[in-house]
Amino acid sequence: GAGVSQSPRYKVAKRGQDVALRCDPISGHVSLFWYQQALGQGPEFLTYFQNEAQLDKSGLPSDRFFAERPEGSVSTLKIQRTQQEDSAVYLCASRHTVQHEKLFFGSGTQLSVL
Amino acid sequence: GESVGLHLPTLSVQEGDNSIINCAYSNSASDYFIWYKQESGKGPQFIIDIRSNMDKRQGQRVTVLLNKTVKHLSLQIAATQPGDSAVYFCAENPPPGSSASKIIFGSGTRLSIRP
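Because the structure is a prediction, the values reported are computed rather than measured. (Residues numbered from 1 in each chain as written. Chains lettered and ligands numbered in written order. Predicted model: local features only at pLDDT ≥ 70, side-chain atom pairs only at ≥ 80, totals over all residues. Heavy atoms only, no water.)

Student: Give a detailed account of the state of the cysteines, specifying residues and quantitative values.
Tutor: Disulfide: a covalent bond formed between the sulfur atoms of two cysteine residues. Residues and elements named next belong to chain B. What the rule picks out here adds up to two disulfides over all chains. Between Cys23 and Cys90 runs a disulfide, and the two sulfur atoms are separated by 1.8 Å. Residues Cys23 and Cys90 are joined by a disulfide whose S-S torsion is about 50 degrees; by sign, that bridge is right-handed. Taken as a pair, Cys23 in strand β3 (residues 19–25) and Cys90 in strand β9 (residues 86–93) lie far apart in primary sequence, 67 residues in all. Accessibility assignment for this pair places Cys23 and Cys90 in one class, buried. (Disulfide = S-S within 2.5 Å. Helix = DSSP H or I, 4+ residues; strand = E, 2+ residues; numbered from the N terminus. Buried < 20%, exposed > 50% of the residue type's maximum accessible area, 1.4 Å probe, protein only.)

Student: Requested: an account of the side chain of Ser75 of chain A, with residues and values cited.
Tutor: All names here are of chain A. When you line up the elements, Ser75 lands in strand β8 (residues 75–79). Looking at Ser75, the relative accessible area reads 0%, which means it is buried. A polar side-chain atom of Ser75 sits 2.9 Å from the main-chain carbonyl oxygen of Glu68. If we ignore the near neighbours within four places in the chain, the residues touching Ser75 are Leu21, Arg22, Cys23, Leu32, Trp34, Phe49, Glu68 and Arg69. (Polar contact = N/O pair within 3.5 Å; in protein donor to acceptor, adjacent residues only side chain to side chain. Contact = heavy atoms within 4.5 Å.)

Student: Now, about the pattern of salt bridges: what can you tell me, with residues and values included?
Tutor: Residues and elements named next belong to chain B. In this structure the tally under the stated criterion is seven salt bridges over all chains. A salt bridge links Asp49 to Arg57; the shortest N-O distance between them is 2.2 Å. Here Asp55 makes a salt bridge to Lys68, at a shortest N to O gap of 3.2 Å. Placement of the pair is Asp55 in the loop between β5 (45–51) and β6 (56–58) and Lys68 in the loop between β7 (62–67) and β8 (72–77), with a sequence separation of 13 residues. A relative accessible area of 37% means that Lys68 is categorised as partly exposed. (Salt bridge = Lys/Arg side-chain N within 4 Å of Asp/Glu carboxyl O.)

Student: So what's going on with the interface of chain B and chain A? Which residues, and what values?
Tutor: For interface size, the figure often reported is the accessible area lost on association. Each side of the interface is counted separately: chain B has 22 residues, and chain A has 22 residues. Across the chain B-chain A interface, the total number found is zero salt bridges. Viewed at the interface, chain A and chain B are joined by five residue pairs in polar contact (both at pLDDT 80 or more). When contributions to the side of chain B that touches chain A are tallied by element, the ones reaching two or more residues are β4 (32–38), β5 and β9 of chain B. Ranked by residue count, the leading element in the side of chain B that touches chain A is β4 of chain B, at four residues. Here the residues of the side of chain B that touches chain A are counted per class, giving ten nonpolar, eight polar and four charged. (Nonpolar A, V, L, I, M, F, W, Y, C, P; charged D, E, K, R; others polar.)

Student: Run through the side chain of Thr47 of chain A, naming residues and quoting values.
Tutor: With respect to the helices and strands, the residue Thr47 of chain A is situated in strand β5 (residues 44–50). Engagement of the side chain of Thr47 of chain A in a polar contact is seen with the side chain of Gln54 of chain A, the distance being 2.7 Å.

Student: Can you explain the packing of aromatic side chains? Please cite residues and give values.
Tutor: Under the defined criterion, the tally for this structure stands at twelve aromatic pairs over all chains. Relative to Tyr35 of chain A, the ring of Phe33 of chain A has its centre 6.2 Å away and its plane inclined at 25 degrees; by these criteria the two rings are stacked. The pair formed by Phe33 of chain A and Tyr35 of chain A is uniform in burial state, with each residue classed as buried. A centroid spacing of 5.4 Å and a plane angle of 85 degrees characterise the contact between Tyr35 of chain A and Phe105 of chain B, whose relative ring orientation is edge-to-face. On the criterion of chain membership, the pair formed by Tyr35 of chain A in strand β4 (residues 31–37) and Phe105 of chain B in strand β10 (residues 104–105) is interchain, its members lying in two chains. (Phe/Tyr/Trp six-rings, centres within 6.5 Å; stacked < 30°, edge-to-face > 60°.)

Student: Now, about the sheet that holds strand β1 (residues 5–7) of chain A: what can you tell me, with residues and values included?
Tutor: All names here are of chain A. Across the sheet, which stays open at both edges, the four strands sit in the order β1-β3-β8-β7 with antiparallel pairing between neighbours. Each of the sheet's edge strands pairs with one partner strand only, and the pair in question is β1 and β7 (65–68). Going across the sheet, the axis of each strand differs from the next one's by a mean of 15 degrees, ignoring polarity. Here β7 pairs with β8 via four bridges, running antiparallel. Paired with Ala67 across the strands is Leu77, a residue of β8. (Pairing = 2+ DSSP bridges. Axes fitted to C-alpha atoms, helices over the stretch in contact; angles between N-to-C directions.)

Student: So, the pairing of strand β9 (residues 88–95) of chain A: which residues are in play, and what are the values?
Tutor: All names here are of chain A. The element β9 is largely enclosed, with a buried count of seven among its eight residues. Judged from the three bridges that link them, β9 and strand β11 (residues 109–113) form a sheet pairing that is antiparallel. The residue of β11 that forms the bridge with Ala88 is Leu111. Two elements, β9 and strand β10 (residues 104–105), share two bridges in a ladder whose sense is antiparallel.

Rendered as structure tokens:
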């Protein structure tokens, strides 16, 4: 596709449910990022993939958060046993190379945990 | 820890005037900086970038200035239009060898345009 695609656009979950958020990066982009954006804040780094390798997961807030990119293209961010503090917009971004190049962002998935 | 921050959380500008949005960064070794625009309900959109070997870069109606001496970035928008209303983020790419993969964002400045 022409840009980064994320689905679902909105997700409402009951506390304790598991959720899976999908990201389709721009075709051919090596690097893929997940960010979490709370209301009124800037995006906070969660994790980074270079092709299928997860090279940095230092931003994942707990072991309930898990991300994968098994074939170096589509990525899934999974949150287990969701809690209210997980409510945020989850942004996916990709870039063609490894570094020193702009990120292209998707529109995000807005997660609301009730 | 290292951080990227902004001087002003909100900025109100008369339509047609120039806007200046400021940003301070703390990692003097960062070598790449980006400005993003984010409209409500959308992901951040690239505006302009600059590498640390430059002091100024111009785009269409936008200019980014980098002052490495005081670790300061600014985004200038000429002839501000209603469509420029958004939240603007500066972001930095840490230097090679130190979590170089991630791009770190500031908290943002909301730009509003008065008719």
